[in-house]
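Here is what each chain is made of, one letter per residue.
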Amino acid sequence: MSVEALISQIQDYNPDAEVELLERCYHFAQKAHAGQFRKSGEPYLTHCVKTAEELAALRLDTHTICAGLLHDVLEDTGTPREEMDIRFGQNITNLVEGVTKIGKYKFRGGHRQRQAETYRKLLLATAEDMRVILIKLADRVHNMETLKFLPAEKCQRIAKETLEIYAPIAHRLGIWRVMSRLEDLAFKHLFPTEYREIANLLDEKLVERQAYCEKMVERIREKLENQDIFADVHGRTKHIYSIYQKMQQKGTPFKDICDLVGLRILVKTDKDCYLALAALHHRWSYLPDRLRDWIGQPKKNGYKSLHTTIVDDGKPVEIQIRSYEMHKIAEDGIAAHWSYKEGAPNCKQGHSIFDSYKQMLEDIQDTQDGAHQFVESMKLELSEDEVYVFSPKGDLFALPTGSTAIDFAYKIHTDIGNTCCGAEINGAIAPIRQELQNGDRVHIRTHPNCKPSRSWLRYVKTSNARSKIKHWFREKDRADALELGKKFLQSELRVSTLNARDYLNSPKLLDVAEQLHLKSIAELFIRIGKREESAAHVVSLLEPDAPEPETPTPLKEAPMPVLEIENGIDLGMIRIMKCCNPIPGDEVIGYVTRGRGVSVHRTGCVRLLDEPERQLNVKWPEKQNGNHRRDIYPAQISVECNDRPGMLGEITTVIAQCKVNIRCGTFQPSAVTRANDAAQDLLTLDVTGTTQLAEVMQALQHLKGVQRVKRKF
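Attention in this report is confined to the structure presented alongside it. Here the residue index of a chain counts from 1 through its sequence in written order. Per-residue local features of the predicted model are confined to residues with pLDDT of at least 70, and side-chain atom pairs are confined, for both listing and counting, to 80 or more; whole-chain, interface and lining totals are unaffected and use all residues. The side-chain quantities take in all heavy atoms of the structure and omit both hydrogens and water.

Considering the packing of helix H22 (residues 507–515) against helix H23 (residues 521–529)
Link 1 in the chain: Simply put, an axis is a line fit to the C-alpha atoms, just over the touching stretch for a helix, and the angle between two N-to-C directions goes from 0 to 180 degrees. Here a helix means four or more residues in a row that DSSP labels H or I, a strand means two or more in a row labelled E, and each is numbered from the N terminus. With their axes 9 Å apart at the nearest point, H22 and H23 run at an angle of 65° to one another. Classified by the angle between their axes, H22 and H23 sit roughly perpendicular to one another. The two elements H22 and H23 meet at a crossing, and its hand is left-handed. Contact with H22, carried on its side by Leu509, Leu510, Val512 and Ala513, involves Ile521, Leu524 and Phe525 of H23 and no other residues of that element.
Link 2 in the chain: In the scheme used here, Gly and all other residues not listed as nonpolar or charged are polar, with Ala, Val, Leu, Ile, Met, Phe, Trp, Tyr, Cys and Pro taken as nonpolar and Asp, Glu, Lys and Arg as charged. When its residues are assigned to classes, the contact of H22 with H23 shows seven nonpolar, no polar and no charged. Roughly parallel means an angle under 35 degrees; roughly antiparallel, over 145; roughly perpendicular, 65 to 115; everything else is oblique. Each helix crossing is assigned a hand: it is left-handed if the near helix lies turned anticlockwise from the far helix by less than a right angle, otherwise right-handed if that turn is clockwise. The contact criterion used throughout is that any non-hydrogen atoms of two residues lie within 4.5 Å.

So, in structure tokens, the structure goes:
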């Protein structure tokens, strides 16, 4: 297509198009790509013009079409961005740069990782300007039409990416004409045998189907005219990939696919749509389970239409009934609502489609579960399969098929989801993880004391619900880490004989936080609670000249001369082994090592070698009034408890009341009791022996919400 023909196509719908700007963009692309050829042998400019032609067919604005002409200039010709800015302005340059970023980077890793990275780049590129993805879709259409000239492996990869990413995005935006072409072209390259089989089956009885279709068109037109309904009636072609999908997903043989013969009725108004439907059902019997009202319940991409399947002489005939405006939207989606003057959606419905797409991007962007979950979330959100459910007030909500009451709760409002405690579906109490069906009336029960459960992540389907649940737990984990960090610092200050009250909110502590490149004292507590910063280090920064603790904490495998070896044998050095952390009161046994003295283990330790000749009986010394050193020893315990806000604080408070220091700890969901919404707190305590440890464990066991306390071996 020449530049004159392209401009003529644009002026058909936009008489005020910036002709001089279009000509400059065309000639600049022509010069920049001079000497470059496609794999097909065509001059590279052909691809640029074809992309612009696709955008013009969607009746888009001048700047979008200009960017289509220039979309490969930054990537393939070495033209600097600054020159583009000067020649064509920032608006066009930003669009070109957005398209360039989508295809610029190469990925490492498997197919899933590559998919995830492609999705992420699409999210970033379209976050601010929807036109970027429209240009990329137009670019992809022509690339797919010339795909056969590429090497087989690359051809397969691009076709798969098109079928799994770009075609679903075109569907989400409602651009049916682009979606169907991308699907058929990708299908042709990915499954050539199946494609040819279906194409041959369609050709076999093409003349017969066309004759029958023409007969039905006349009969329906006559019936509608008798009812004073003036309409355009014509046959429609089902694209090959949609036939294949139906055969695969529903196991339907080719001969039983009822919409191979399909008709479309176009009328003036919404009212005429329903009048036409009534006229058809009065004349022909119909299949009730095939009746769909997408006018009363539009799809999230803006699609509206009535679908019915009538039966004529035992043969099913699928019919779509829609207004001319609905047909324009069904074919062009968001582009049907586009302002070629402003370069943006020009009505409430267009903005709704755009906002829905942007919300999907934001929800999926929060997904943190790795490439596989990211890709699955994106596919689910782009899926055309939906269920429609009602709130108790009768408001209609669309959700992906497989969504649960939890998804519905978060669809209504974040606070509803976060305080959800149950659900009623169609008036009956139901599990909140129950999958919703079309027409369900759902009431979410809430309570201010209820909170999300980590197990919900196994049941939710929507990225919206998943991201909000994860956000709630991120905030909760931060709060727990802050509380734990404060406890750790208090304990360390106490061990260093410093008054915690004088330091916890002092300017000195803020100075230490800033010294560690943190913005606040709260961030410092969080780092300590997450064990990313040592409480002892913070104390040393607070008071470099603070006196050493009276009873220093033993280091790993530190010599322990208070242990007595029977028979009075002096082997120089006794080491307490960290593998089992024996403490006074435990039954212990010594093991003579080669050159490293005696290693002391708890009886039964799996690391203790079965070599009786090298084992010695050792024991803890008896207390000596007034003379016995009060040494402290590390002992690790596991606390399984309810996963609720404040639980960690109550645990650390009980331990502090027992006058025991918490050396370190972690707080995480329990792998064992995850279904019961439990958490597992692993704490290392500084104790004097088994007696003090038993006191702490008993006090914890009596704490409300604690399910089990045990010592780790």
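Details of the sheet that holds strand E12 (residues 428–430)
Link 1 in the chain: The pairing criterion is simple: DSSP has to find at least two bridges between the two strands. Strand order in this open sheet of three strands is E12-E11-E13, and the pairing throughout is antiparallel. A single partner strand is all that each edge strand has here, and the edge strands are E12 and strand E13 (442–446). Direction aside, the axes of adjacent strands within the sheet are offset by 35° on average.
Link 2 in the chain: The pairing of strand E11 (residues 420–425) with E12 spans three bridges and is antiparallel. Bridge pairing in E12 places glutamate 424 opposite isoleucine 429.

Section: the pairing of strand E17 (residues 598–602)
Link 1 in the chain: Using a 1.4 Å probe on the protein chains alone, a residue whose accessible area is under 20% of its type maximum counts as buried, one over 50% counts as exposed, and one in between counts as partly exposed. Counting buried positions along E17 gives five out of five residues, so the element sits mostly inside the fold.
Link 2 in the chain: In this sheet, E17 lies alongside strand E15 (residues 574–576) in parallel orientation, the contact comprising three bridges. Bridge pairing links isoleucine 576 to valine 600 in E17.
Link 3 in the chain: Relative to E17, strand E16 (residues 588–592) is paired through five bridges, and the arrangement is antiparallel. Counterpart to valine 588 in the pairing with E17 is arginine 602.

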